[in-house]
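As a plain string of letters, each chain reads:
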Amino acid sequence: MMIDTHCHLEDYENIETIIKNMEGNKMITSGVNDETNKEVVKLINQYPNVYGVIGIHPSEVSISNEKSILWIEEQLNNKKIVGIGEIGLDYHYGIEEKELQKQFFKKQLELARKYHLPVVIHSRDAIEDTYQILKEFKDLKIILHCYSGSVEMAQKFLKLNIYFGIGGVVTFKNSKTLKEVVKMLPLDHILLETDSPYLTPEPFRGQKNEPKNILLVAQTIAKIKEISVEQVLKTTTINAEQQFDFNKTL
Ligand code: NI
């Protein structure tokens, strides 16, 4: 079985085909704001092998408010909401929102703590601040989605027992650092993800990504770590099942 631990399924016209292509496998679709969080709830109620995480993404804080968080909290009794995400910090465009981003980030980490749920973290151009905040929440199950930092930083996160979502970027020819990170990371701290419809792996770059391409990510990781694809799939599936409770009881 394969588990795509991070994708955005609200964005497909041919959703039935996308789901069918993942028959026998699981997907976790992620919200980023009020609108997409609602889509996540719709999708998980409709498709048995689709699970969801909901949250306010750092780039969406200016269009979100207190009510957004309250709505998220109300959904947490849905058995198929398996975590809070994607949440975090993104200073690429939004440096003027630094403080607001941190507020939303911490509030949602507190929510995850209260409900014993894992968190899926987005961090872009903000790795040091992300680390400083997560240090205070190391009791949580934390997944760094689409990790793009250095080997040294990855080692620091590993010491907090944080898991790493590895996706299509690892297949890119110019992803030298990420390949080094993957080589260093123990397989038992790696989760597979596609971030569909974005970050399509080689050799399909330029096309719209979809969860079934998770296999290409697994193949690349196998090559880097000089192990079999079967071993990558088996171990990363176990990891995903340890981080996310797919048989959530309330
Ligand atoms: Ni994403």
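Above: the structure in question.
A quick note: this is a predicted structure, and the numbers were derived from the prediction, not measured. (Residues numbered from 1 in each chain as written. Predicted model: local features only at pLDDT ≥ 70, side-chain atom pairs only at ≥ 80, totals over all residues. Heavy atoms only, no water.)

**What to know about the overall build of the protein**
Counting secondary structure elements, the protein contains 9 helices and 8 strands. In terms of C-alpha radius of gyration, the protein reaches 17 Å, essentially the compact-globule figure of 18 Å for 250 residues. Over its C-alpha atoms, taken along the principal directions, the protein stretches across nearly 45 × 40 × 35 Å. Taking all 250 residues of the protein together, the buried fraction comes to 59%. Taking all contacts inside the protein whose residues are at least 6 apart in sequence as the whole, residues at least 24 apart take part in 68%. A total accessible area of about 11500 Å² is found for the protein, and carbon and sulfur atoms account for 51% of it. Distance from the positive charge centre (30 side chains) to the negative charge centre (35 side chains) of the protein: 4 Å. (Helix = DSSP H or I, 4+ residues; strand = E, 2+ residues; numbered from the N terminus. Rg over C-alpha atoms; globule rule 2.2 N^0.38 Å. Buried < 20%, exposed > 50% of the residue type's maximum accessible area, 1.4 Å probe, protein only. Contact = heavy atoms within 4.5 Å. Areas by Shrake-Rupley, 256 points an atom, 1.4 Å probe, with all protein chains shown as cover. Lys, Arg positive; Asp, Glu negative; His and termini not counted. Charge placed at Lys NZ, Arg CZ, Asp CG, Glu CD.)

**Some words on unusual backbone geometry**
A cis geometry characterises the amide bond from Gly-85 onward to Glu-86, with omega recorded as -5°. With respect to the element layout, Glu-86 can be found in strand β4 (residues 81-90). In this chain, Glu-202 is followed by Pro-203 through a cis amide linkage whose omega measures 5°. Within the fold, Pro-203 resides in the loop between β8 (190-192) and α8 (214-225).

**Details of the environment of Lys-98**
Positionally, Lys-98 belongs in helix α4 (residues 98-114). Placed 31 residues apart in sequence, Lys-98 and Asp-129 show a C-alpha to C-alpha distance of 10.0 Å.

**Looking at the pairing of strand β3 (residues 50-54)**
Taken across its 5 residues, β3 has 5 buried, putting it largely inside the fold. Neither face of β3 is exposed, since Val-50, Gly-52 and Ile-54 on one face and Tyr-51 and Val-53 on the opposite face are all buried. The sheet contact formed by strand β2 (residues 26-30) and β3 spans 4 bridges and is parallel. Its bridge partner lying in β3, Thr-29 is registered against Gly-52. The β-α-β motif built from β2, the intervening helix α2 (residues 34-46) and the parallel element β3 has right-handed crossover chirality. Pairing of β3 with β4, which is carried by 3 bridges, proceeds in the parallel orientation. Considered in β4, the bridge of Gly-52 is made with Ile-81. (Pairing = 2+ DSSP bridges. Right-handed = clockwise from strand over helix to strand, strands pointing away.)

**Looking at the sheet that holds β8**
Pairing between sheet strands relies on hydrogen bonds along the backbone, with the strands arranged either parallel or antiparallel. Pairing in this open sheet of 8 strands is parallel, and the strands run β1-β2-β3-β4-β5-β6-β7-β8 from one edge to the other. Either end of the sheet is taken by a strand with one partner, and the two such strands are β1 (3-7) and β8. In this sheet, neighbouring strand axes are inclined to one another by 30° on average, regardless of whether the strands run parallel or antiparallel. As judged from the 3 bridges shared by strand β5 (residues 119-124) and strand β6 (residues 142-144), these two strands associate in the parallel manner. For Ile-121, the partnering residue across the bridge sits in β6 and is Leu-144. Helix-sheet contacts for helix α9 (residues 229-243) involve β1, β2, β6, β7 (163-166) and β8, and the interaxial angle to β8 is about 100°. (Axes fitted to C-alpha atoms, helices over the stretch in contact; angles between N-to-C directions.)

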